[in-house]
Every structure is written in C-alpha cells, then in structure tokens.
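Observations on the model geometry
Take a look at the letters that make up each chain.
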Amino acid sequence: MPMQPQPGGGGKKFNAQAAIIVSAVVAIALIVGGGVWYASSSGKGDDKKNTANSGDGKNKTNGGGGEGGGGSSEAKEKAPADTKSKVLFQVPAPKTPKDVTTISTSGSWLTDTVYAKSGIAEIVGYDRAKGTEKWTIELPGPVCEATHRVTEDNKTAITFKPAMPTKGNPQSCTQVAVIDLEAGKELWTKTAKSGTTPISFNNVTISGGTVAAGSTSGGAAWEIASGEQLWAPKTSDSCYDSGYGGGEKLVAVRKCGSYDQRQLHIQNIDPKSGKVISEYKMDEGIEYAAVVSTDPLVVAADVNESAGDGSGISDFFSIDGKTGKLRARISAPGDEFGARCDGIYKLEKCSGLAVGDDRLYIATEEHEAGGESYSQTNEIVAFDLATGKQTGQRADAGEDYTIVPLRMDGGNLLAYKRPPYDKGGQIVSIDGGTFKQTTLMENPATETVRDVETRMSPEYSEILFSQGGLYMSDIYASDFSSASDEKEYLVIAFGTS
C-alpha cells in the first residue's frame, strides 16, 4: 500500500531511509544493482521525434511528474550568465487553528507574474519576483486537494472543506472550485451528491475545458468556463471511478469487483461527455493505480503489493490511448528506483519521475558512490515506452547529491539536485538526446538558507521551476514546530539574475 504523505520538515532525506546499497563497478563507470544495469549515456534516442510538452506550466504540467505528448517544442529554460541564485522571498509557516495539529496546504502554481500558494483556508498570490502579496482568496475551510495543472488562461481547480475542522468535526472535502490565478478570483464553487449524500472528493484534475473530481463514493465533471455539470460516472454495486488523470487527455481509473477480486479499468474518456474512448483492463488483484501521464498514457501500480517500500510502485504500464492495448510493462522494483505514487486517493500525485519524448524518466534509489567514498548518490535513467527497455541513457547526481526529475522542458528534462550538508541545491537541464547536463541554478550554501531548502523534500513538498525561479513549498502546516526554536517556512523562493 502506498505511503501517505507526512508533514514536511526535519531536513532528512527520505530516500536515504530506504536506500538499498547498489554495488558499483567504478572502473567501467557502470552500476549494477539488483539485476538492473544502468548504462552510461550513449546518446541513443537523438533521432527520436520530440513529443514532450513545452513544460511551461500551461494546461499540461505545472511541476513534478511532467507529462509527455502535445507535439514537438523547443526547450524554454536557458542557463543564465550567472547560475548562482539568491533568496527572493520566504513565507513563514502559518499557525494551525486550536486543537488541530495538522492541516493541508496543498497547491502551488506559477503564471508569468504570480506564484500562488495555498495557506490555511486561503490561497495567496505573490509577486513571483518580490514575494509581495498581490491578492488573497479566502475560503471557509482548508484546501484538501489541488490539481497542479493550469489552463492556457491561468485557471486551475481545487477541492476544499466547507468549514474549518475542529476536534469533534473534521469536515469533508465536498467543495470543488475553479480559481483564476492571474485575477485572484474564485470563479465558481460546486458540489455533487451520491444519492442524497454530498460527495467528499479525494482528487481533482482538469482536461479539455473540464474539471473532473473523483472519490470512492462517486465523482462529477463540470465545464471550467461556466461551472455547468457535464456528467457523472455511472456507479453500480461493483464499479466506480476512483479518480482521474488530466492534461492532454482525461483518464479514469475505474474499480470493479470486490476487494479480493478487484480489477482496474484504465479508461481514456471524452472530457465533455464522459464517454469511454478506449479501455485497458489490468490483471485482477491490483488494488491501486496512479496516472503518471495521459498522453502518452502511463500508469503506475504496486502489483501484489510487491514494492514493499511504501513507494506504491512495482511496475509501470505503457498503454495505447487510442486502442486500449498494452504497449509495454516496465518492472521498477521499489528497492532499485526512487519514484513514488499515491494510487489510493491522489491519483496524479507522483514524484521522482517524468514522461516525455515517449520515454519514462525515473530516479534510482540512493546508493554508495563507490570507490573510497562512503557518500550517497543516485541517477536518472530512461525507459522507452514502446519497448519497455532502458535506452542506455543515465544522468548522474554526483557525489553527495541526489537527483530528482521535475518536468519536461520541450525535449529536455528538468531535474532538481538535493544538496549535501555543505552546499545548496541545483536545477539542471538534461538534454533528451545526449543526456548532457546544463546547470540552470545553484542555490546559496549558507547554513540558514540550506536548512530551509533541505526541509523541502522532493517526495513530500511541491517544487516548481520556471523562468529562472525556483519555488519550494510545504503541503502541510502543523503545530509540531511550536516546541522548536527554529523558524518554520511554508515557502522559499530562489531566483537567478
């Protein structure tokens, strides 16, 4: 069963807690671990058609778990003359209400001018360069879930609670809203019912002008522009839509059968009507699946709960969205690869991976650097989604760093390098053909800044990078820090000149 996100903080490397030591053969610069061979970059794939998203955060992805598809485009992120960054601003962690120990602050987005972040029962838009508040959207209760996707005209969607939770009344996530991130306005709020009971939504996404929200008790879809309900999934005694993946396409994960005889149907659906275009039926017994990408269609699952490390992933499934046929199945044991997905409730919540150019880019688990060094490191490797085989490409983190895919930027891959104890983190661009790394940003190594940055673990934080700006934020606010003398932050933003 996939691990549930925990409150951020502490500065620990979560991957390191579960890292498996992989033997290193330094003389030939290859790493062999658990039967998987990570070959050095060979430049394979130079002639592949670029089908990756532009990666500008508009209508496709706005951060981690980048998605492929959408036609050829050039990389937009370029290295500045000086890659050294400075802190643009920091937002202190909000205080939780009385008798509430932890509260969700899920949701962060970027436009050309605004960085927006969920607080406690509010969303605040900040000037992305200065950190000054441009607008605030007040809500009656906290945000439960937020899609990372943003439309071309800067709209996004959230679910939230109708009131603040209390010790005796935790409240349900019954409200779905569309937010205009540029204007700072809540455009509309809707609810849906299963029979006479309001649905408490577990996930929300957008695709093709439609907002779709799902849960174990039902779902619904609305038109972004008007808020008009377009459709609701058909429910029965044996089947229901557990949630949706959005972006270029809209994909439903439909659960059928009893718990011990579960079968998941991965459905490519029409966003306007809810009509099923194609369907892939997974093997019985797979209880949960996460939507990694909708175009190309890739899902992750923990088959027979064999991952064993809380990652929620043992295999990836590359599926033809037009026919519903399986293209390839990729084995990715949790003790060898560092990606994580929450296929239980938050079906699009994945970290440590990206999809583009018809490839799956995935971080390996941390391991010893080898030689005389006892430091930890890892790599990013690539799989061909047509064949399921590794392409032979590898991007090394470097000694004492760990590297995590963020999103696609045209045909290139953007990645974050989590730093060692005496350096700042880095953003690098990895060429999709040669896998050559170009540093776009290097953060300050001062202890006070580094302490804040390293608390923002890639597995349990939101990390956005665009136009020379890096924005890292926590997804929870808690009262755990009240006993600590250290100041806690909700957001830290970096920028290059």
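Residues numbered from 1 in each chain as written. Predicted model: local features only at pLDDT ≥ 70, side-chain atom pairs only at ≥ 80, totals over all residues. Heavy atoms only, no water.

1. Digging into the overall build of the protein chain
When its secondary structure is counted, the protein chain shows two helices and 43 strands. For the protein chain, the proportion of its 497 residues judged to be buried stands at 60%. Within the structure as shown, the protein chain displays about 19,500 Å² of accessible surface, and the carbon and sulfur contribution to it stands at 48%. (Helix = DSSP H or I, 4+ residues; strand = E, 2+ residues; numbered from the N terminus. Buried < 20%, exposed > 50% of the residue type's maximum accessible area, 1.4 Å probe, protein only. Areas by Shrake-Rupley, 256 points an atom, 1.4 Å probe, with all protein chains shown as cover.)

2. Focus: the packing of aromatic side chains
Scanning the model with the defined rule gives ten aromatic pairs in all. Here the aromatic residues Phe-89, Tyr-115, Tyr-126 and Tyr-471 are joined through ring pairs into a cluster of three or more. (Phe/Tyr/Trp six-rings, centres within 6.5 Å; stacked < 30°, edge-to-face > 60°.)

3. A look at the state of the cysteines
Following the criterion strictly, the structure yields three disulfides and no others. What pairs with Cys-144 in a disulfide is Cys-173, and their sulfur atoms sit 2.1 Å apart. Its S-S torsion of approximately -90 degrees makes the covalent link between Cys-144 and Cys-173 left-handed. Of this pair, Cys-144 sits in strand E10 (residues 143-146) while Cys-173 sits in the loop between strand E11 (155-160) and strand E12 (175-180), and the two are 29 residues apart along the sequence. In this structure Cys-173 comes out as buried when scored by relative accessible area, which is 13%. (Disulfide = S-S within 2.5 Å.)

4. Some details on the confidence of the model for the protein chain
The share of residues in the protein chain with pLDDT of 70 or more is 83%, and the mean pLDDT across the chain is 85. Here residues 1-72 is a poorly scored stretch, pLDDT under 50, and it has 234 contacts once near neighbours within four places are set aside; other chains count. (pLDDT = per-residue confidence, 0-100. Contact = heavy atoms within 4.5 Å.)

5. Some points on the pairing of strand E21 (residues 250-256)
The buried fraction of E21 amounts to seven of the seven residues, a majority that puts the element mostly inside the structure. Burial of E21 is two-sided: the residues Leu-250, Ala-252, Arg-254 and Cys-256 facing one way and the residues Val-251, Val-253 and Lys-255 facing the other way are all buried. Looking at chain direction, strand E20 (residues 239-245) and E21 are connected through six bridges and run antiparallel. When the bridges of E21 are listed, Tyr-244 appears paired with Ala-252. Here E20 folds back onto E21 in antiparallel fashion, the turn holding four residues, of which Gly-247 has a positive phi close to 105 degrees. Here seven bridges tie E21 to strand E22 (residues 263-269), and the two strands are oriented antiparallel to one another. Bridge pairing in E22 links Arg-254 to His-265. Hairpin remark: E21 followed by E22, antiparallel, with six residues in the connecting loop; positive phi at Gly-257, about 90 degrees. (Pairing = 2+ DSSP bridges.)

6. As for the sheet that holds strand E6 (residues 108-110)
Taken in spatial order, the four strands make up an open sheet running E6-E7-E8-E9, and their pairing is antiparallel. The open sheet has two edge strands, E6 and strand E9 (133-138), and neither has a second partner. Across this sheet, the average inter-strand angle for adjacent strands is 15 degrees, counted without regard to direction. Of the strand pairs in this sheet, E6 and strand E7 (residues 114-118) are connected by three bridges, and their pairing is antiparallel. Each bridged residue has a counterpart across the sheet, and for Leu-110 the counterpart in E7 is Tyr-115. (Axes fitted to C-alpha atoms, helices over the stretch in contact; angles between N-to-C directions.)

7. Concerning the side chain of Thr-159
Along the chain, Thr-159 falls in strand E11. Residue Thr-159 is classed as buried on the basis of its relative accessible area of 0%. Among all residues touching Thr-159, those that are not within four sequence positions of it are Val-143, Cys-144, Glu-145, Cys-173, Gln-175, Val-176, Phe-201 and Val-204.

8. What to know about the nonpolar core
With 19 residues, the main nonpolar core has Val-292, Phe-316, Cys-341, Leu-353, Leu-360 and Ile-362 as its most contacted residues. Listing elements by their share of this core, those giving two or more residues are strand E24 (289-294), strand E25 (297-301), strand E30 (353-356), strand E31 (359-363) and strand E34 (379-384). (Core = buried A, V, L, I, M, F, W, Y, C linked by side-chain atoms within 4.5 Å.)

9. With respect to the side chain of Glu-462
With respect to the helices and strands, the residue Glu-462 is situated in strand E40 (residues 461-466). Polar side-chain contacts of Glu-462 include one of 2.8 Å to the backbone nitrogen of Gly-107. At a separation of 3.0 Å, a polar atom in the side chain of Glu-462 contacts the side chain of Lys-117. With near-sequence residues (within four places) excluded, Glu-462 lies in contact with Ser-106, Gly-107, Ser-108, Lys-117, Tyr-471, Met-472, Ser-473 and Ile-475. (Polar contact = N/O pair within 3.5 Å; in protein donor to acceptor, adjacent residues only side chain to side chain.)

10. Quick look at the environment of Gln-229
Structurally, Gln-229 is set in strand E19 (residues 229-231). Residue Gln-229 is classed as partly exposed on the basis of its relative accessible area, which comes to 40%. When the C-alpha positions of Gln-229 and Val-211 are compared, they lie 9.3 Å apart, and in sequence the two are 18 residues distant. Other than its neighbours up to four places away in sequence, Gln-229 contacts Ala-220, Ala-221 and Trp-222.

11. Considering the sheet that holds strand E16 (residues 203-207)
Pairing within the open sheet is antiparallel, and its four strands lie in the order E16-E17-E18-E19. The outermost strands of the open sheet, each flanked by one partner alone, are E16 and E19. For this sheet, the mean angle separating the axes of adjacent strands, direction not counted, is 30 degrees. Sheet topology places strand E18 (residues 220-223) next to E19; two bridges connect them, and they run antiparallel. Across the sheet, the residue bridging to Trp-222 is Gln-229, located in E19.

12. Thoughts on the pairing of strand E38 (residues 426-430)
Burial within E38 is extensive, with five of its five residues counted as buried. Of the two faces of E38, the one holding Gln-426, Val-428 and Ile-430 and the one holding Ile-427 and Ser-429 are both buried throughout. Bridge analysis of strand E37 (residues 412-418) against E38 gives five bridges, and the strand direction is antiparallel. By the bridge assignment, Leu-414 is partnered in E38 with Ser-429. Note: E38 against strand E39 (residues 437-442), five bridges, orientation antiparallel. Each bridged residue has a counterpart across the sheet, and for Ser-429 the counterpart in E39 is Thr-438. Linking E38 to E39, which pair antiparallel, is a turn of six residues; within it Phe-435 sits at a positive phi near 65 degrees.

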